[in-house]
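Coordinate inspection notes
Each chain is listed here by its residues.
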Amino acid sequence: MSNYQIATDCLHAGYRPGNGEPRNFPIVQSTTFRYETSEEMGKLFDLEASGYFYTRLQNPTNDTVAAKIAALEGGSAAMLLSSGQAANFYAIFNIAGCGDHVISSTSIYGGTFNLFAVTMKRMGIEFTFVDPECSEEELNAAFRPNTKAVFGETIANPALTILDIEKFAKAAHAHGVPLIMDNTFATPVNCRPFEWGCDIVTHSTTKYMDGHALTVGGAIVDSGKFDWNAHADKFPGLTTPDESYHGVTYTERFGLEGAFITKATVQLMRDLGSIPSPNNCFLLNIGLETLPLRMKKHCENAQAVAEYLQGHEKIAWVQYAGLPGDKYHERAQKYLPNGTCGVVIFGVKGGRAAAEKFMAGLKLASIATHVADAKTCVLHPASSTHRQMTDEELAAAGVSPDLVRFSVGIEDAKDLIADLEQALAAV
Ligand SMILES: *Cc1c(COP(=O)(O)O)cnc(C)c1O
């Protein structure tokens, strides 16, 4: 692991050029790699040697960026995927299959909820959704003999629920399964879930990591700390031979540090192929270089916006953990002492109709199905990202029908507040 501070790792981790080599890691825009003999290539196919042969499995550009993200999270290994959706799917499907069960917080991103409750359910994986504020007893009662993982978001999109990481990690470990967390909104700059007992982290790199609304992408990072062998009967995919690689056992060959990511790469990526392009990984890397600077500014601006909205007569409610009275303020001080994220949620008095009028009046902030971008954007989840959900599911996910998700960018806060002021005046 690196001894540098995170701002330094954002620039340097994953790639150190040798003498005369390019300062930026090049875009290796090649699907394939040449070998002198078939025998050499055969060793790669048998996982007996490491090397590149086809970009669906591995690519040098992608790998340097993955190594940087692993360093930022303090993990042992990482892989990049073509989207955050793919990252969450692979992270769970790597250890759970037909007939298995997974516990998830109810307060998660709408796309992830659909993935779990609809698509993965059709694959035979059953999910139990638990209120993130449930008691330890309630959480423990959700486990079954076939439970394979527990899932939650550090800061939920869009409800901004902050997960009690230690409570979830304790319950997961007591039942011999890993805690998987989507750390998209916090980013490793503001929270490193591994330091609190989380075992595997996922990201939609589309958000703050990219930061400029350029590329859709995802990442999975393994802490390398979960002992698959201690619960070998639950995780046969990692602890028993894989016939598709002449009987390789991942935990034996790659150790606890490498087993999870190696299996997800050589098995799931080989078969399902959700790879990001090297060009997109190059762009993601540029975003990562300035992540700490941007996160600081996002948090400062969001704090200013939240404080302005809180005092406004046309605003029904505001939620932002930086506000002293916020229900997650205390928990944020513990897990995210340097700030949470740039997203503020609120309700406009007059409900859905007033929210729509207000949004149409914004001139600087754009209405976009995007969040966590350098440019301020705004969304009404109940009529867009979460529109497949029933009212009960919406309530469980912490999304009220009047909720406006305001993703504060890095513009000058004065201009953002002036924009809010004029849009609210017209409501
Ligand atoms: C956007 C998002 C996703 C999905 O990521 P894509 O890159 O859009 O596929 C997953 N989790 C969270 C928390 C998100 O915000």
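Residues numbered from 1 in each chain as written. Predicted model: local features only at pLDDT ≥ 70, side-chain atom pairs only at ≥ 80, totals over all residues. Heavy atoms only, no water.

On to the domain arrangement of the protein chain. How big an interface is tends to be expressed through the accessible area that disappears when the partners come together. Assigned domains of the protein chain: these are domain 1 (6-285) and domain 2 (292-425). Centre-to-centre, using C-alpha coordinates, domain 1 lies 29 Å away from domain 2. Buried surface at the junction of domain 1 and domain 2, both sides included, amounts to about 3,100 Å², of which 62% is carbon and sulfur. A per-residue breakdown of the area domain 1 buries against domain 2 is headed by I162, N190 and Y208, which together make up 24% of the total. Inspection of the region where domain 1 meets domain 2 yields two salt bridges. (Domains from an automatic or database assignment. Buried area = accessible area lost by both parts, 1.4 Å probe. Salt bridge = Lys/Arg side-chain N within 4 Å of Asp/Glu carboxyl O.)

Around the ligand, 16 residues are found, and the nearest of them are N157, D182, S204, T206 and K207. Contact between the ligand and G84: an oxygen atom at 2.9 Å from a main-chain N or O atom of the residue. Taking T206, its side chain carries an N or O atom lying 2.6 Å from an oxygen atom of the ligand. Relative to its unbound accessible area of 380 Å², the ligand is 92% covered by the protein chains. No other element matches the three residues that helix α4 (residues 84-93) contributes to the shell around the ligand. Its residues assigned to classes, the shell around the ligand shows three nonpolar, 10 polar and three charged. (Near = heavy atom within 4 Å. Polar contact = N/O pair within 3.5 Å; in protein donor to acceptor, adjacent residues only side chain to side chain. Areas by Shrake-Rupley, 256 points an atom, 1.4 Å probe, with all protein chains shown as cover. Helix = DSSP H or I, 4+ residues; strand = E, 2+ residues; numbered from the N terminus. Nonpolar A, V, L, I, M, F, W, Y, C, P; charged D, E, K, R; others polar.)

This part is about the environment of V427. Residue position: V427 is located in the segment after α16 (413-425). Along the primary structure V427 and A355 are separated by 72 residues, whereas in three dimensions their C-alpha atoms are 8.5 Å apart. Residues within four places of V427 in sequence aside, it is in contact with K314, V348, A354, K357 and F358. (Contact = heavy atoms within 4.5 Å.)

For N94, the location among the structural elements is in the loop between α4 and β2 (101-105). Using a relative accessible area of 3% as the deciding quantity, one classes N94 as buried. Of the polar contacts made by the side chain of N94, one reaches the backbone nitrogen of A264; its length is 3.5 Å. (Buried < 20%, exposed > 50% of the residue type's maximum accessible area, 1.4 Å probe, protein only.)

We now examine the state of the cysteines. Here the structure, examined in full by the defined rule, presents zero disulfides. Lacking any disulfide linkage, C377 is separated from the closest cysteine sulfur, that of C341, by 12 Å. (Disulfide = S-S within 2.5 Å.)

Another aspect to go through is the nonpolar core. Core analysis: the largest hydrophobic core is formed by 101 residues, its most contacted members being Y90, I92, L179 and I220. When we break this core down by domain, the ones giving at least three residues each are domain 1 (6-285) and domain 2 (292-425). Excluding residues that lie within four positions of it along the chain, I92 makes contacts with V102, F116, M120, F127, F151 and I180. In terms of nonpolar packing, the next biggest core, distinct from the first, is built from 28 residues, V344, L416, L420 and A423 among them. (Core = buried A, V, L, I, M, F, W, Y, C linked by side-chain atoms within 4.5 Å.)

Moving on: the sheet that holds β2. Across the sheet, which stays open at both edges, the seven strands sit in the order β1-β7-β6-β5-β4-β2-β3 with mixed pairing between neighbours. Each edge of the sheet is formed by a strand with only one pairing partner; in this case those strands are β1 (77-81) and β3 (126-130). The sheet shows a mean angle of 20° between the axes of neighbouring strands, taken without regard to direction. Pairing geometry for β2 and strand β4 (residues 147-153), over four bridges, is parallel. Note on β4: the bridge partner recorded for S104 is F151. Along the sheet, helix α3 (residues 60-73) makes contact with β1, β6 (200-204) and β7 (218-222), crossing β1 at roughly 125°. (Pairing = 2+ DSSP bridges. Axes fitted to C-alpha atoms, helices over the stretch in contact; angles between N-to-C directions.)

Moving on, we get to the pairing of β6. When you tally the buried positions in β6, you get five out of five residues, the bulk of the element. Side chains of β6 alternate between two faces, with I200, T202 and S204 and V201 and H203 buried alike. Direction of pairing for strand β5 (residues 179-182) relative to β6: parallel, over a ladder of three bridges. Bridging from a neighbouring strand, D182 pairs with T202 of β6.

Once that is clear, we can look at the layout of surface pockets. Approximately 640 Å³ is the volume attributed to the largest pocket. Among the secondary structure elements, those contributing two or more residues to the lining of the largest pocket are α3, β1 and α10 (250-272). Of the residues that constitute the lining of the largest pocket, the class distribution is 20 nonpolar, 10 polar and two charged. (1 Å grid on protein atoms, 1.4 Å probe; cavity = no way out; pocket = protein on both sides within 12 Å on 5 of 7 lines; lining within 4 Å. Points joined across faces, edges and corners; volume = space filled by probe spheres on them.)

Moving on, we get to the packing of helix α11 (residues 278-289) against helix α12 (residues 291-310). In contact at an axis separation of 5 Å, α11 and α12 are set at 60° when each is read in the N-to-C sense. Between α11 and α12, the interaxial angle falls into the category oblique. Side by side, α11 and α12 meet where G287, L288 and E289 of the first sit next to L291, P292 and R294 of the second. Residues of the contact of α11 with α12, tallied by class, amount to three nonpolar, one polar and two charged. (Parallel < 35°, antiparallel > 145°, perpendicular 65-115°, else oblique.)

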